[in-house]
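# Structural features, examined
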Amino acid sequence: MSHPDAHVRNRDLPPIPGPLPVEIRERIFSLIPRYPSKQAVTLPALHLVQDKLRCVPRWAVEEISDILDLSPAEVHDTMSFYGFFRDESDRLGVRRLWVCRSLACALRGADGLLEKASELLGVPVGGTTSDGTLTLELAECLGACEGAPACMIDDEHVHDISDESRMRDLVQRLRNASTGPA
Amino acid sequence: MATYEPVLLRRIGRPECQGIEGYRADGGYKTLERVLKELTSEQVTNQVKDSGLRGRGGAGFPTGLKWTFLPKGHPGPIYLCVNCDESEPCTFNNRVLVEKDPHQVLEGIILASYAIRATTAYFYIRYEYGHGMRQMQKAIDEAYSAGLLGKNILGTSFSLDVFVHRGAAAYICGEETGLIESLEGKRAWPRIKPPFPAIEGAFRKPTIVNNPETLANVVHIMERGVDWFKSIGVPPDPKNPRDAGSYGPKLYCISGHVNKPGIVELPMGVTLRELVENHGGGVWKGRKAKGAIPGGNSMGIIPESEFDIPLDFNGPGTVKALGLGTAAVTIFDDQTSIVDVLHNLCRFFAHESCGQCTPCREGTGWMLKIVERIRRGQGRREDLDILEEVADRIGIMPGTTICGLADGAGWPVKTAIRKFRPEFESYLKSGPRQGVRLQMAQSH
Ligand SMILES: Cc1cc2nc3c(=O)[nH]c(=O)nc-3n(C[C@H](O)[C@H](O)[C@H](O)COP(=O)(O)O)c2cc1C
Ligand code: SF4
Ligand code: FES
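Residues numbered from 1 in each chain as written. Chains lettered and ligands numbered in written order. Predicted model: local features only at pLDDT ≥ 70, side-chain atom pairs only at ≥ 80, totals over all residues. Heavy atoms only, no water.

## Remarks on the overall build of chain A
For clarity, the cut-off: Helix numbers and strand numbers start at the N terminus; a helix is a DSSP run of H or I with at least 4 residues, a strand a run of E with at least 2. The globule rule used for comparison is 2.2 Å times the number of residues to the exponent 0.38, while the radius of gyration itself is calculated over C-alpha atoms. Throughout, exposure labels follow a simple rule: accessible area from a 1.4 Å probe, protein chains only, divided by the maximum for the residue type, with under 20% read as buried, over 50% as exposed, and the rest as partly exposed. Contacts were defined at the residue level, with two residues in contact if any of their heavy atoms lie within 4.5 Å. With residues, only the protein chains shown are counted as cover, and all accessible areas are computed by Shrake-Rupley using a 1.4 Å probe. Just so you know, the count uses Lys and Arg for positive and Asp and Glu for negative, and it drops His and the chain ends. Here the site of a charge means atom NZ of a Lys, CZ of an Arg, CG of an Asp or CD of a Glu.
Counting secondary structure elements, chain A contains seven helices and four strands. If you list the helices and strands of chain A from N to C, you get α-α-α-α-β-α-α-β-β-β-α. Compactness check: chain A gives a C-alpha radius of gyration of 17 Å against a globular reference of 16 Å for 182 residues, within 12% of the reference. Its C-alpha atoms give chain A principal-axis dimensions of about 50 × 35 × 25 Å. Classification of the 182 residues of chain A by burial places 58% in the buried group. The long-range fraction of contacts in chain A, counting pairs at least 24 apart against all pairs at least 6 apart in sequence, stands at 68%. Summed over all atoms, the accessible surface of chain A reaches about 7100 Å², with 50% contributed by carbon and sulfur. Averaging the positions of the 20 positive and the 28 negative side-chain charges in chain A gives two centres separated by 3 Å.

## Focus on the overall build of chain B
Helix and strand counts for chain B stand at 17 helices and 11 strands. In terms of overall size, chain B behaves like a compact globule, its C-alpha atoms giving a radius of gyration of 22 Å where 444 residues would be expected to give roughly 22 Å. Over its C-alpha atoms, taken along the principal directions, chain B stretches across nearly 75 × 45 × 45 Å. Within chain B, the proportion of its 444 residues that are buried is 64%. Considering only contacts within chain B whose residues lie at least 6 apart along the sequence, 70% involve residues at least 24 apart.

## What to know about the layout of surface pockets
Convention followed: In this analysis a 1.4 Å probe is tested at points of a 1 Å grid over the protein atoms alone, and where it fits but cannot get out there is a cavity; an open set with protein on both sides within 12 Å along at least five of seven lines is a pocket; lining residues have an atom within 4 Å of a point. Grid points are joined across faces, edges and corners, and a volume is the space filled by probe spheres set on the points. Residues are sorted three ways: Asp, Glu, Lys and Arg are charged, Ala, Val, Leu, Ile, Met, Phe, Trp, Tyr, Cys and Pro are nonpolar, and all the rest, Gly among them, are polar.
When its volume is computed, the second largest pocket comes out at roughly 410 Å³. Lining the second largest pocket are 14 residues; nearest its centre among them are Arg27, Leu31, Pro44 and Leu48 of chain A together with Arg166 of chain B. Of all the secondary structure elements, the ones that give two or more residues to the lining of the second largest pocket are helix H1 (22-31) and helix H2 (42-53) of chain A together with helix H7 (130-145) and strand E3 (161-166) of chain B. Per-element accounting of the lining of the second largest pocket gives the leading share, four residues, to H2 of chain A. Each residue belonging to the lining of the second largest pocket can be placed in one class, and the counts come to six nonpolar, four polar and four charged.

## Notes on the pairing of strand E9 (residues 289-293) of chain B
Residue and element names in this part refer to chain B. What counts, and what does not: At least two DSSP bridges between two strands are needed for those strands to be called paired.
Summarising burial for E9: five of the five residues are buried, a large majority. Across four bridges, E9 lies against strand E11 (residues 328-333) in antiparallel orientation. Looking across to E11, one finds that Gly291 is bridged to Phe332.

## A short note on the domain arrangement of chain B
Residue and element names in this part refer to chain B. Rules: Domain boundaries shown here were taken from an automatic or database domain assignment. Throughout, buried area stands for the accessible area (probe radius 1.4 Å) lost by two parts on being put together, summed over both. Salt bridges are counted wherever a side-chain nitrogen of Lys or Arg sits within 4 Å of a carboxyl oxygen of Asp or Glu. By the criterion applied in these results, polar contacts are pairs of N or O atoms within 3.5 Å in which, for protein atoms, one can donate a hydrogen and the other can accept it, and in which residues neighboring in sequence qualify only through two side-chain atoms.
Along its sequence, chain B is carved into domain 1 (20-232), domain 2 (250-333) and domain 3 (338-443). Contacts between the two partners involve 19 residues from domain 2 and, on the opposite side, 17 residues from domain 3. Of the roughly 1400 Å² buried between domain 2 and domain 3 on both sides combined, carbon and sulfur atoms contribute 68%. Between domain 2 and domain 3 we count two salt bridges in total. Note that Glu423 is salt-bridged to Lys290, the shortest N-O span being 2.8 Å. Connecting domain 2 to domain 3 are four residue pairs in polar contact (both at pLDDT 80 or more). Elements with a minimum of two residues in the side of domain 2 that touches domain 3: E9 and strand E10 (302-303). When its residues are assigned to classes, the side of domain 2 that touches domain 3 shows 10 nonpolar, four polar and five charged.

## Some points on the site of ligand 1
Residue and element names in this part refer to chain B. We apply this condition: By convention in this text, a residue qualifies as near a molecule or strand provided that one of its non-hydrogen atoms is within 4 Å of it.
Around ligand 1 lies a shell of 19 residues, among which Gly57, Asn83, Asn210, Asn211 and Thr214 are the nearest. One nitrogen or oxygen atom from the side chain of Thr214 is found 2.7 Å from an oxygen atom belonging to ligand 1. Within the shell around ligand 1, the residues separate by chemical class into four nonpolar, nine polar and six charged.

## Quick look at the site of ligand 2
Around ligand 2 lies a shell of 13 residues, among which Cys354, Gln356, Cys357, Cys360 and Cys403 of chain B are the nearest. In the shell around ligand 2, the residues fall into nine nonpolar, four polar and no charged.

## Quick look at the packing of aromatic side chains
Two aromatic rings, taken as a pair, are described by how far apart their centres are and by the angle between their planes. Put simply, the rule is: Stacked, edge-to-face and tilted labels apply to pairs of Phe, Tyr and Trp rings (six-membered ring for Trp) whose centres lie within 6.5 Å, assigned for plane angles under 30 degrees, over 60, and everything in between, in that order.
Applying the stated rule across the entire model yields 18 aromatic pairs over all chains. Here Phe84 of chain A and Phe85 of chain A contribute two aromatic rings whose centre-to-centre distance is 4.9 Å and whose plane-to-plane angle is 85 degrees, an arrangement assigned as edge-to-face. The interplanar angle of 65 degrees and the centroid separation of 5.6 Å between the aromatic rings of Tyr79 of chain B and Phe203 of chain B together place this pair among those described as edge-to-face. One end of the pair, Tyr79 of chain B, is in strand E1 (residues 79-84); the other, Phe203 of chain B, is in the loop between helix H8 (176-183) and strand E4 (207-210), and 124 residues separate them in sequence.

See the structure below:
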């Protein structure tokens, strides 16, 4: 299960208007034939929505449950099991930076790295910078231990973030690459 | 030892290792073609069974035997779920296979599906493997275009669809019934077994769950035969009547305090010491090892004096560790505090317990709290006994929990205390010694 400490609300952002863009709805519909039950499309649908909106607003939960013939509570139940998905009050920045804290990374200098990232970004773990560019997360083993200490940006690994200056560079690169609030 | 020629990693690192053309140029899919035209599903299952192949995902269950548990003559559908959740800390062998040679895994998926008569396979992959997910999706698309997936594969009556399904960063989705629940769109709460998935699995239908490395081995067993496979690795230990042998090649991950962290393919049965010294470049900074976890976080912790165990399915048990697990070895040097190592492992399990069973949810939390207290220098003498007692009582083996996560949480605790007790005792008496925490600073 994920990140009980990851829910830090630190931005007052205007609500995201519904409904879901047509192309997202169509992609959700297109996945239904892959599975013998519509409910199995829950995770893929949550991914599609969060990738686009950086969170899954309540109204999107309802729209998903409508498409999949579920009650909103069922979709919400699954969504909230995975600390991975965010609701509207807690939306992700443009990019998501994960810092691994598991054994292989910790042994090679990762302990303290998360705090360092948190300091550099000025946000607690789980939080998003006020300009909306970056969200910081802790991760358990990312499966990149030969490159420990490892981080992940969205879903791609970054190896050998072995000290403060490399973390600083990484954060700088991410900030330059991200364009304004989501 | 004569140098071993890798089989599973043979193509990795070649320029054309990812695409279908390169795979075919290296003889890929020839085995599939021959098998589909010449062998029945039973013959494939029997060959895998005779090879003695055991699952590479952690439990080491004989693969062919598992396939025979499917109900005979079932009208279908039967499902194959490929378990690429690979979230056991310090483990990355599936990632390398899927990122670098996805067609090898895919050929294994098609062969296994043929053997078990599955017409749909779900490739469940952890979210953190974005690159691997995209490589696998590309391989699947190429295979459809080449007539290797879809209806009437290679002109035979066999049809198969393969779909990629992404996880959402939760370790428990690697437990096979947690995976199935997650696939079905529910929270990943493992199911009580029996029924086992072979009888009632995904969507309540017979289902086989296998690891990508297991499936990659199937390709080579079908290509090179049972005798070849059994010529690699170790036969059953005569002293252990329950050991079914450890045949075939294995991918070993080496990480932590070694000079050359990485992945290496070797015959099963290499000793931990050889692995560190000959393949991991030795312990870093000219130091000595203090200990290691021999197979991911769940298998326990062993001291350097036990590094001569063979890393096969039987070896770690001979020194009272849980087992081979994922064969992911992480070394820590003699400057590292055992308390820090144990704290890191306990924190992982407390974070990842799915919360369904009280002994696991509470037990992992309490073990972490007690280890934190010890680490802060506020430990009590009785803490070690309490820890051992909790660790002994939670798990599927003592019969108090639904899945094996709790066993995995208990083994590091009890092995750490049993094998490193003097260090814990001196820590309790005098707190952390100066200079011990070189690489692992205090953290939350
Ligand atoms: C907590 C827990 C996590 C697991 N994680 C994985 C995993 O990430 N990958 C995997 O293949 N098996 C994992 N397993 C083992 C699976 O339940 C199952 O035995 C395995 O996927 C079967 O495949 P195999 O027979 O090919 O090894 C896990 C087991 C437990 C108890
Ligand atoms: S043992 Fe732990 S992880 Fe497994 S089902 Fe029970 S609470 Fe969940
Ligand atoms: S321990 Fe950090 S990537 Fe594996």
